[in-house]
Amino acid sequence: MPVIEVKGLRFRYEGSESWSIDGVDFEVSEGELVLVVGPTGSGKSTLLRAIVGLVPHFYKGEYHGSVRVCGIDVPNTPVHVVATKVGMVFQNPETQLFSTTVEAEIAFPLENLGIPRSEMVVRVEEVLRATGMTELRKKNPAELSGGQKQRLAIASILAMRPEVLVLDEPTSMLDPISASEILEFVVRYCRSERKTLVVSEHRLDLLVPLVDRMTVIKDGRISFDGPPHEFFLHGTGEEFRIKPPRVPEIYHRVAAAVGLERSVRVPLTAGQLVELVSSGDP
Amino acid sequence: MAANIADLLRYREVESPLIRLDPRVKLLIAIYLFSTTLIFDRPFWLSILVSTAVLFTVWLTLLSIGASRRLLRTIRALSFFLAFVVLLNALGFVSQGLNPLTPEFVAITSSQLMRFIAAIVSFSFFLLTVSPEAFAATLRSLKLPYDYVFAMTAAIRFAPLFLEEIQEVIDSQRLRGVDYSTRNPIKRFRNYVRAFVPVVINALKRSFEMAEALEVKCYGAVRDRTSFYVLRAKGSDVGVLVASTAAFATLVTLRLLL
Ligand SMILES: Nc1ncnc2c1ncn2[C@@H]1O[C@H](COP(=O)(O)OP(=O)(O)OP(=O)(O)O)[C@@H](O)[C@H]1O
Ligand SMILES: [Mg+2]
């Protein structure tokens, strides 16, 4: 049974003329890692908001269709109930941190949920360890680096032990090194804890080889949904105004230049490319 | 200037017995110090003596955690009000047909200035020695509704960000040739307003993002919120509480006997 079930979703923000999500069916099964991509304004954030229920509870508008997550009927359930199953993290770490120490920030959602203190202490410890922030526990979030701040934003969501993680461009305000550290951490965490992940990103290089699925959105509709190597089979997605990852791009250019027949499995990492070249029959 | 204020608001964790003292006890001591300066209102030499002692106490405590310079800045920030106290006093003298250019006026006014400074500064004993977390926990222990406590801690958390942003806008506009040191007050005011607009727009956008983040962090989900930081009085806290209460009681008795 899928963890996330979006059926026939259409949504138009209050006061907006056009449909930001215009007929989307989207299913994710347990433990699956899904990368959502698409040009700016295509509706990625809107879809992710609909999964936690920010659409239609926080963002009002015209809503059709159904969204079920972990068996919960999202449009008819308050966000704070869905949020214990679906943890959401946004772009800007600055506006997601409210406390004056790292450990207090991790405990903040648990306090809001009225979790007993003894349980809270255990969870804070667990999350500090999982995110490698134990040393920073007494620090003021204001004094952390951008990457550490975003790691903390994720940590405080993990304290609620959600089954699904939804990240909306979690690295767009970070430098490339922090960005890849964060994404690697998230992928490793979701794999080892069997969590489901839905993440939207503009930087594809790192995630494309790591995820199970790529969902491409354009004008509020899904225009591709499948394994990443299939998406890059015929091109590199310029028609979606996606900045292509390097390896498939190089592969296609070389293939075009020397007139190669394209492989059925497009390489996504440097390693796969080397393997393909050295196998001698691309 | 904005950076200075931001610095004042940024609490730094230091290891010291004072920092570890229960914040409720610190609040109580601050109230004792405050009340002491208030009850010793005359004769002027005694009130100067008591105020100086209070100032000295606060200065010593702040010195022990390396925050004594903040005390000076607090006093400097008060200078406008101090001038106001002098002016009021002078007016009071004149209205009673007395000459303010006498030793008597100087004695009374300086004792009032000292009491005023000591009264305000006595709260630094609490404010500058508690972490924001301890501050929030104290407010909660006084049964203040959590929404207010949260608003206050969030303000402490976001004020430096806000001030930093103002500084950034001013700096970038200065690079574009906007003159913030102009003598013309109207021009100057207009320049500051112009710097303020992008900051306010950003703040609005930010408050929206914050509301969204609070929502997914389950803010307000249950009525019986629990807390991670709890205040637990130790033996030493009780000791300090008893000693300071005894000292205060002695001072009150002295004042009544005098
Ligand atoms: N709060 C809102 N009110 C009104 N319209 C909105 C709101 N948020 C988004 N929209 C509109 O909905 C459409 C989809 O926006 P959305 O933010 O979901 O796109 P996106 O794919 O996340 O873009 P980006 O890559 O820039 O983040 C856009 O046309 C946008 O203008
Ligand atoms: Mg978006």
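I will try to describe carefully the structure that is included in this document. (Residues numbered from 1 in each chain as written. Chains lettered and ligands numbered in written order. Predicted model: local features only at pLDDT ≥ 70, side-chain atom pairs only at ≥ 80, totals over all residues. Heavy atoms only, no water.)

Quick look at the overall build of chain B now. Counting its secondary structure elements, chain B contains twelve helices and zero strands. Along the chain direction, N to C, the helices and strands of chain B fall in the order α-α-α-α-α-α-α-α-α-α-α-α. A compact globule built from 258 residues would reach a C-alpha radius of gyration of about 18 Å, whereas chain B, at 23 Å, exceeds it by more than 25%. Across its three principal directions, the C-alpha atoms of chain B cover 60 × 55 × 30 Å. Long-range pairs, those at least 24 residues apart, make up 73% of the contacts in chain B with a sequence separation of at least 6. In the form shown here, chain B has an accessible surface area of approximately 15,100 Å², with 69% of it arising from carbon and sulfur atoms. In chain B, 29 positive and 18 negative side-chain charges are present, and the distance between their average locations comes to 5 Å. (Helix = DSSP H or I, 4+ residues; strand = E, 2+ residues; numbered from the N terminus. Rg over C-alpha atoms; globule rule 2.2 N^0.38 Å. Contact = heavy atoms within 4.5 Å. Areas by Shrake-Rupley, 256 points an atom, 1.4 Å probe, with all protein chains shown as cover. Lys, Arg positive; Asp, Glu negative; His and termini not counted. Charge placed at Lys NZ, Arg CZ, Asp CG, Glu CD.)

Moving on, we get to the site of ligand 1. Residues and elements named next belong to chain A. Taken together, 14 residues form the shell around ligand 1, and within it S20, T40, K44, S45 and T46 come nearest. S20 is positioned such that a nitrogen or oxygen atom in its side chain is 2.6 Å from an oxygen atom of ligand 1. Within the backbone of G41, a nitrogen or oxygen atom sits 2.8 Å from an oxygen atom of ligand 1. For ligand 1, whose accessible area on its own is 630 Å², the fraction buried by protein is 65%. Broken down by element, the shell around ligand 1 gets its largest block of residues, four residues, from helix α1 (residues 44–52). Its residues assigned to classes, the shell around ligand 1 shows three nonpolar, eight polar and three charged. (Near = heavy atom within 4 Å. Polar contact = N/O pair within 3.5 Å; in protein donor to acceptor, adjacent residues only side chain to side chain. Nonpolar A, V, L, I, M, F, W, Y, C, P; charged D, E, K, R; others polar.)

Let's shift gears to the pattern of salt bridges. Within this structure, the stated rule accounts for 26 salt bridges over all chains. One salt bridge connects E125(A) with R137(A), and the closest N-O pair in it is separated by 3.0 Å. Of this pair, E125(A) sits in helix α5 (residues 117–130) while R137(A) is found in the loop between α5 and α6 (146–158), placing the two residues twelve residues apart along the sequence. A residue is classified by how much of its surface remains accessible, and E125(A), at 28% relative accessible area, is partly exposed. Between R174(B) and D171(B) there is a salt bridge; the shortest N-O distance is 3.7 Å. Residue R174(B) and its partner D171(B) are located together in helix α10 (residues 146–175), separated by three residues, close to a single helical turn. Judged by relative accessible area, R174(B) falls into the partly exposed class, the value being 45%. Salt bridges linked by common partners bring E103(A), E125(A), R137(A) and K138(A) together as one network. (Salt bridge = Lys/Arg side-chain N within 4 Å of Asp/Glu carboxyl O. Buried < 20%, exposed > 50% of the residue type's maximum accessible area, 1.4 Å probe, protein only.)

Turning next to the interface of chain B and chain A. Listed per partner, the contact involves 32 residues of chain B and 40 residues of chain A. Summing both sides of the interface, chain B and chain A together bury roughly 3,400 Å²; the carbon and sulfur share of this comes to 61%. Considering only the surface of chain B that becomes buried against chain A, R157(B), K217(B) and F228(B) emerge as the three largest contributors, covering 25% of it. Linking chain B to chain A there are four salt bridges. R157(B) is the partner of E94(A) in a salt bridge, and the nearest nitrogen-oxygen pair spans 3.4 Å. (Buried area = accessible area lost by both parts, 1.4 Å probe.)

Attention shifts here to the packing of aromatic side chains. The geometry of an aromatic ring pair comes down to the distance between the two centres and the angle between the two planes. Considering all chains together, one arrives at 24 aromatic pairs over all chains under this definition. Measuring from centroid to centroid gives 5.0 Å for F11(A) and Y13(A), while their planes differ by 80°, and the two rings are edge-to-face. With a centroid separation of 5.8 Å and an interplanar angle of 65°, the aromatic rings of Y59(A) and F208(B) are classed as edge-to-face. With one member in each of two chains, Y59(A) in the loop between α2 (54–57) and β4 (61–69) and F208(B) in helix α11 (residues 185–216) form a pair that bridges those chains. Look at F208(B) and you get partly exposed, because its relative accessible area is 43%. An aromatic cluster is built from F11(A), Y13(A), F58(A), Y59(A), Y63(A) and F208(B), whose rings are joined through pairwise contacts. The residue whose ring lies beneath R12(A) is W19(A), and the NZ or CZ to ring-centre distance is 4.6 Å. In this structure, R225(B) packs its charged tip against the face of Y146(B), placed 3.7 Å from the ring centre. (Phe/Tyr/Trp six-rings, centres within 6.5 Å; stacked < 30°, edge-to-face > 60°. Lys NZ or Arg CZ within 6 Å of the ring centre and 35° of its normal.)

All names here are of chain A. Helix α7 (residues 176–193) packs onto α6 with a crossing angle of 20° between their chain directions and a minimal axis gap of 9 Å. With respect to α7, the axis of α6 lies roughly parallel. The chirality of how α6 crosses α7 is right-handed. When α6 is examined against α7, the residues G147, Q150, R151, I154 and L158 are found in contact with a partner set consisting of S178, E181, I182, F185, V186 and Y189. For the contact of α6 with α7, the per-class residue count stands at six nonpolar, three polar and two charged. (Axes fitted to C-alpha atoms, helices over the stretch in contact; angles between N-to-C directions. Parallel < 35°, antiparallel > 145°, perpendicular 65-115°, else oblique. Left-handed = near helix turned anticlockwise from the far one by under 90°.)

Attention shifts here to helix α4 (residues 102–112) of chain A. Most of α4(A) is tucked away, with eleven of its eleven residues classed as buried. Contact partners of the buried residues in α4(A): α5 and α6 of chain A together with α9 (132–141), α10 and α11 of chain B. Residue G114(A) follows α4(A) closely and has a positive phi angle near 75°.

Our focus in this paragraph is the nonpolar core. Core analysis: the biggest nonpolar cluster contains 74 residues, and I4(A) and F26(A) have the highest contact counts within it. With six residues, the single largest contributor to this core is α10(B). Shared between two domains, this core holds at least three residues of each, these being domain 1 (1–130 + 232–258) and domain 2 (132–227) of chain B. V89(A), I154(A), A159(A) and L273(A) belong to the second-largest nonpolar core, a separate cluster that totals 59 residues. (Core = buried A, V, L, I, M, F, W, Y, C linked by side-chain atoms within 4.5 Å. Domains from an automatic or database assignment.)

Right, let's talk about a nonpolar patch on the surface for a bit. Residues and elements named next belong to chain A. Taken together, the side chains of I250, V254, V258 and L260 define a hydrophobic patch exposed on the protein surface, amounting to about 310 Å² of accessible area. Here V254 shows up in helix α9 (residues 246–258). On the basis of relative accessibility, which here comes to 44%, the residue V254 falls in the partly exposed class. (Patch = residues over 30% accessible without salt bridge, like charges linked within 9 Å, V, L, I, M, F, W, Y side chains within 5 Å.)

Moving on, we come to helix α4 (residues 44–64) of chain B. Over its 21 residues, α4(B) extends 30 Å from the first C-alpha to the last, a length consistent with the 30 Å expected when each residue adds 1.5 Å. Remark: G66(B) follows α4(B) within two positions and exhibits a positive phi of approximately 70°. (Expected span 1.5 Å × (residues − 1).)

Attention now moves to the environment of V34(A). Residues and elements named next belong to chain A. Considering the arrangement of structural elements, one finds V34 in strand β3 (residues 33–37). In sequence terms V34 and T215 are 181 residues apart; their C-alpha atoms lie 7.0 Å from each other. Ignoring any residue separated from it by four or fewer positions in sequence, one finds V34 in contact with F26, V28, L197, V198, V199, R213 and T215.

So, about the state of the cysteines. Here a disulfide denotes a covalent bond joining the sulfur atom of one cysteine to the sulfur atom of another. Residues and elements named next belong to chain A. Throughout the structure, instances matching the rule amount to zero disulfides over all chains. Just so you know, C70 is unpaired, no disulfide at all, and the nearest cysteine sulfur is the one on C190, 13 Å from it. Taking relative accessible area as the criterion, C70 reaches 23% and is therefore assigned partly exposed. (Disulfide = S-S within 2.5 Å.)

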